[in-house]
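Below are the chains, spelled out letter by letter.
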Amino acid sequence: MTTHFATAQAEAINVKQDSRFEQILNEKRKVSTNSTINDRYKIQIFSGESDKAKTNLATFRQEYPGIDGTIVFFTPNYKVWVGNFKTRIEAEQLLLEIKKRYPMVHLIKPSR
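Residues numbered from 1 in each chain as written. Predicted model: local features only at pLDDT ≥ 70, side-chain atom pairs only at ≥ 80, totals over all residues. Heavy atoms only, no water.

As annotated in an unreviewed UniProt entry, the chain carries the name SPOR domain-containing protein and is attributed to Flavobacterium erciyesense.

**Considerations on helix α2 (residues 50-63)**
Formally: Numbering goes from the N terminus for both helices and strands, where a helix is a DSSP run of H or I of at least four residues and a strand is a run of E of at least two. Residue count minus one, scaled by 1.5 Å, sets the expected span of a helix. Pairs of residues are marked as contacts when any of their non-hydrogen atoms sit within 4.5 Å.
The end-to-end C-alpha separation of α2 is 20 Å, in line with the 20 Å expected for 14 residues at 1.5 Å each. Turning to α2, the residues buried within the fold contact β1 (41-48), β2 (69-74), β3 (77-85) and α3 (88-98).

**A short note on the nonpolar core**
Here is the rule we go by: Here, nonpolar core refers to any group of buried Ala, Val, Leu, Ile, Met, Phe, Trp, Tyr and Cys residues whose side-chain atoms link them within 4.5 Å. Each residue gets one of three labels from its accessible area relative to the maximum for its type: buried under 20%, exposed over 50%, partly exposed in between, using a 1.4 Å probe on protein chains only.
Counting 18 residues, the largest nonpolar core has I43, I45, F60, V80, V82, I98 and V105 as its most contacted members. Breaking this core down by element, the ones donating at least two residues are β1, α2, β3 and α3. When residues no more than four places from it in sequence are discounted, the contact partners of V80 are I43, Q44, I45, F46, A53, N56, L57, T70 and I71.

**Overview of unusual backbone geometry**
P76 follows T75 through a cis peptide bond whose omega is 0 degrees. Structurally, P76 is set in the loop between β2 and β3.

**Topic: the pairing of β3**
Keep this limit in mind: Following DSSP output, two strands are said to pair if at least two bridges run between them.
With six bridges joining them, β1 and β3 adopt antiparallel strand pairing. Among the inter-strand pairings, Q44 is bridged to a residue of β3, identified as W81. Hairpin connection from β2 to β3: two residues lie between these consecutive antiparallel strands.

And the structure:
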C-alpha cells in the first residue's frame, strides 16, 4: 500500500511590474482587434514624406481623438490612414467632415 501526502502553502504573492508593460499590452490588444484591417474601410488623409506624415497624424489625433490612425509605407511614400469602418457609408460620413481640413482625402479599402 502506497500513501502520498501533498501540502501547499496559502500565501499572497505581490508582483511588481513595469508601468510600460500595461502600455505594451494595450497596444497588443489594439493590434489584435485591428486584425481585420483588410476587411475594413479607411480614409487616407496624406501621402508623402515621413516627417510630414507624422505631423499630419499628430494633428489629426488632436482634432479627432476618438478615431484611430496609423502610418503605412508604400514605396516611396508614407501614407496616413485613419478610421476603421465596417461599412462604406460609415467611412463616407467622416470623409465628408474631414475633407474640409484635408482636401486630398480619399476612401480606401486595403487589399490583403
